[in-house]
Amino acid sequence: MEALAAGTGPIAVDAERASGFRYGQDAYLIQLRRAGSGTVLIDPLATGPLDSLARVLDGPEWILHAADQDLPCLTSLGLTSRSLFDTELAARLLGRAHVGLGAVIEETLGLRLAKDHAAADWSVRPLPESWLVYAALDVELLAELRQALGAELAAVGKAEWAAQEFEFERTRPPRPARVDPWRKTPRAGRAVRSRRSLAVLRELWTAREQLAAELDRTPSKVLSHHALIAAAVARPTSRRKLAALKEFSSRQARQHQEQWWKAIDRAMNLPDSELPPVHAPLPDGELPQPRSWGRHHGEAARMLDVVRSTVRSRADELRLPQELLLAPDSQRRLAWDLGRAHASDDQIAITTETVAERLAALEARPWQIDQVGPALSRALAEAVA
């Protein structure tokens, strides 16, 4: 910590998680690099309290690549930044086709990173030396990359856009928990049709989630998604019938078969009044899926076409991904509000000012409002005329 504090300039920051191996998204290795300090690798499992590290990191700019992936696990350790530069987001603002760290470094600095352990289980101990070298390389060139991308952003007039995006990313609150996350089980939407089958899926998913947390293993390694779907479709009425399903024949599935049977039995004995609906209820403030708008909300669907085409066209002019110019959720909500108002014959005053106010309420940044607001106001005014 003394070495890092004695360094100068921003601090390159990265974290390695054990996605696909462990439950949750905890950090299992933290990589730091600063001019005058060199590279530091920290094992958060063995180091103890990180108060001294938090004090060192509270002040200098952080340089990260895809900060939205690492900030949550770092924040959970009490590590927060006052400012940041996201090299992945900078590359997207510059219209780069490939924004992975290796691709951005190669295109910008002409160097190629060895990327041999991207899918490694970083929770293992001791970590092999080759893995540590790989981890160190992730922060080795971030300062030089930040310098080059920053200069490029300034040259094309996007430096202020980037600053606003970085601050939005740094201060954005955690995403709210999903409603009925078990409904997002892969392929469940196509295979699981009845309310009773949905109850089986829900109970099994919940049991798997609880066991995965206890075992600290990723849920799909405790019981596969295919097994959840197979049991929900078959709705076995006995332990024997459950064991006969090929998806439950593996050693992994058999190891906790009694827990799976109890979950299924609970679902099979629920009264009809407690079965989940076939279609998920909309949470407060949630919009219907746009694919249904054409049938039930024609004006909103028409407005959404206008909004999407306008944002896409303007994004192409600016050499930006359209979702970076205006978030898809903001596009939908803008179209929904205008479409519903127009369908109700409400008087709608669509001006540059009113569109800008609505975009600001949807958390669009000032640069986004400046760049797409006028085009949207013109297109929408024509659409409701």
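Values in this document were obtained by computation on a predicted structure and should not be read as measured data.

1. Topic: the overall build of the protein chain
A count of helical and extended segments in the protein chain gives 21 helices and 5 strands. Based on the C-alpha atoms only, the size of the protein chain along its principal axes is roughly 70 × 65 × 35 Å. Split into buried and exposed, the 385 residues of the protein chain put 43% on the buried side. Pairs at least 24 residues apart make up 65% of the contacts formed inside the protein chain by residues separated by at least 6 positions. Approximately 20000 Å² of the protein chain is accessible, and the part contributed by carbon and sulfur atoms is 50%. The protein chain carries 50 positive and 51 negative side-chain charges, and their two centres are separated by 9 Å.

2. Digging into the packing of helix H10 (residues 195–215) against helix H12 (residues 225–234)
Between H10 and H12, the shortest axis-to-axis distance is 8 Å and the interhelical angle comes to 145°. The handedness of the crossing between H10 and H12 is right-handed. Along its contact with H10, which presents Ser197, Val200, Leu201, Leu204, Trp205 and Arg208, the element H12 presents His225, Leu228, Ile229, Ala231, Ala232 and Val233. A per-class count over the contact of H10 with H12 returns 9 nonpolar, 2 polar and 1 charged.

3. Considering the layout of surface pockets
Where empty space is left becomes clear once a probe the size of a water molecule has been rolled over the atoms. In this structure, the second largest pocket encloses a volume near 590 Å³. With 6 residues, helix H3 (residues 67–75) is the single largest residue contributor to the lining of the second largest pocket. A breakdown of the residues in the lining of the second largest pocket according to their chemical character gives 6 nonpolar, 5 polar and 6 charged.

4. Things to note about the side chain of Ser330
Along the polypeptide, Ser330 turns up in helix H19 (residues 328–343). In this structure Ser330 comes out as buried when scored by relative accessible area, which is 7%. In terms of polar contacts, Ser330 uses its side chain to reach the backbone carbonyl oxygen of Leu362, at 3.3 Å.

5. Thoughts on the pattern of salt bridges
Enumeration over the complete set of coordinates arrives at 23 salt bridges. For the salt bridge of Asp329 with Arg333, the shortest nitrogen-to-oxygen distance reads 3.1 Å. In this pair, Asp329 and Arg333 both sit in helix H19, 4 residues apart, roughly one turn of the helix. When salt bridges with common partners are traced through the structure, they connect Arg96, Glu107 and Glu152 into a single cluster.

6. As for the nonpolar core
By size, the foremost hydrophobic cluster in this structure holds 72 residues, and its most contacted members are Leu32, Trp62, Leu74, Leu359, Leu376 and Leu380. No other element matches helix H17 (residues 298–318), which puts 9 residues into this core. Viewed by domain, this core spans two of them, domain 1 (1–171) and domain 3 (290–384), each represented by three or more residues. Setting aside anything within four residues of it in sequence, one finds Leu32 in contact with Leu4, Ile11, Ala12, Val13, Gly38, Thr39, Val40, Ile42, Leu53, Leu57 and Val139.

7. Considering unusual backbone geometry
Cis geometry is adopted by the peptide bond preceding Pro126, which originates at Arg125 and carries an omega value of 0°. Along the chain, Pro126 falls in the loop between helix H5 (101–109) and helix H6 (129–140). A positive phi angle is found at Arg235, which is not glycine, with a value near 50°. Inspection of the secondary structure puts Arg235 in the loop between H12 and helix H13 (239–244). Although it is not a glycine, Glu363 adopts a positive phi angle of roughly 70°. Given the relative accessible area of 52%, Glu363 is considered exposed.

8. With respect to the environment of Glu140
Looking at the element boundaries, Glu140 is found in helix H6. Here Glu140 falls in the partly exposed class, since its relative accessible area comes to 30%. Separated by 19 residues in the primary sequence, Glu140 and Ala159 have C-alpha atoms spaced 23 Å apart. Residues contacting Glu140, with those up to four places away along its chain left out, are Arg33 and Thr39.

9. Section: the domain arrangement of the protein chain
Here the protein chain is partitioned into domain 1 (1–171), domain 2 (181–269) and domain 3 (290–384). When each unit is reduced to the centre of its C-alpha atoms, the spacing between domain 2 and domain 3 is 42 Å.

10. Topic: the UniProt feature "domain: HRDC" (unreviewed entry) in the protein chain
Mapped onto this structure's residue numbering, the UniProt feature "domain: HRDC" (unreviewed entry) falls at residues 194–274. Secondary structure across residues 194–274 divides into 70% helix and 0% strand, with the first and last C-alpha atoms of the span separated by 13 Å.

11. Some thoughts on the packing of H5 against helix H7 (residues 142–155)
Running from N to C, H5 and H7 cross one another at 60°; their axes reach a closest spacing of 10 Å. As judged from the angle between their axes, H5 and H7 are oblique. In this structure, H5 meets H7 at a crossing whose hand is left-handed. Packed against H5, whose contacting residues are Leu101, Val104, Ile105, Thr108 and Leu109, the element H7 presents Leu142, Glu144, Leu145, Ala148 and Leu149 at the interface. Looking at the contact of H5 with H7 residue by residue, the class counts come to 8 nonpolar, 1 polar and 1 charged.

Parameters at a glance
- Residue numbers restart at each chain and count upward from 1, following the sequence in its written direction.
- pLDDT decides what is reported in this predicted model: residues at 70 or higher carry local features, side-chain atom pairs at 80 or more are listed and counted, and totals for whole chains, interfaces and linings draw on all residues regardless.
- Side-chain calculation: all heavy atoms of the structure are included, whereas hydrogens and water are not.
- Here a strand is any run of E in DSSP of at least two residues, a helix any run of H or I of at least four, and the numbering for each starts at the N terminus.
- In this scheme, a residue with accessible area under 20% of its type's maximum is buried, one over 50% is exposed, and one in between is partly exposed, where area comes from a 1.4 Å probe on protein chains only.
- Any pair of residues with heavy atoms lying within 4.5 Å of one another is described as a contacting pair.
- Only the protein chains shown count as cover for residues, and all accessible areas are computed by the Shrake-Rupley method using a 1.4 Å probe.
- Counted as positive: Lys and Arg. Counted as negative: Asp and Glu, with His and the chain ends omitted from the count.
- The atoms used to mark charge sites are NZ of Lys, CZ of Arg, CG of Asp and CD of Glu.
- Each axis is a line fitted through C-alpha atoms, and for a helix only the stretch in contact is used; angles between axes span 0 to 180 degrees, taken between their N-to-C directions.
- Crossing handedness is read from the near helix: turned anticlockwise from the far helix by less than a right angle, it gives a left-handed crossing, and turned clockwise, a right-handed one.
- Residues are sorted three ways: Asp, Glu, Lys and Arg are charged, Ala, Val, Leu, Ile, Met, Phe, Trp, Tyr, Cys and Pro are nonpolar, and all the rest, Gly among them, are polar.
- Using only the protein atoms, space was sampled on a 1 Å grid; points where a 1.4 Å probe fits but cannot get out form cavities, open sets with protein on both sides within 12 Å along at least five of seven lines form pockets, and lining residues are those with an atom within 4 Å of a point.
- Grid points are joined across faces, edges and corners, and a volume is the space filled by probe spheres set on the points.
- Definition of a polar contact: a pair of N or O atoms within 3.5 Å, with one able to donate and the other able to accept a hydrogen when the atoms are protein atoms, and with sequence-neighbouring residues admitted only if both atoms are side-chain atoms.
- Note on definitions: salt bridges are taken to be side-chain nitrogens of Lys or Arg within 4 Å of carboxyl oxygens of Asp or Glu.
- We call a set of buried Ala, Val, Leu, Ile, Met, Phe, Trp, Tyr and Cys residues a nonpolar core when their side-chain atoms join them within 4.5 Å.
- Where each domain begins and ends is defined by an automated method or by a domain database.
- UniProt positions are given in the numbering used here, feature names are shortened, and annotations may be inferred rather than shown by experiment.
- Angles below 35 degrees are treated as roughly parallel, those above 145 as roughly antiparallel, those between 65 and 115 as roughly perpendicular, and all remaining angles as oblique.

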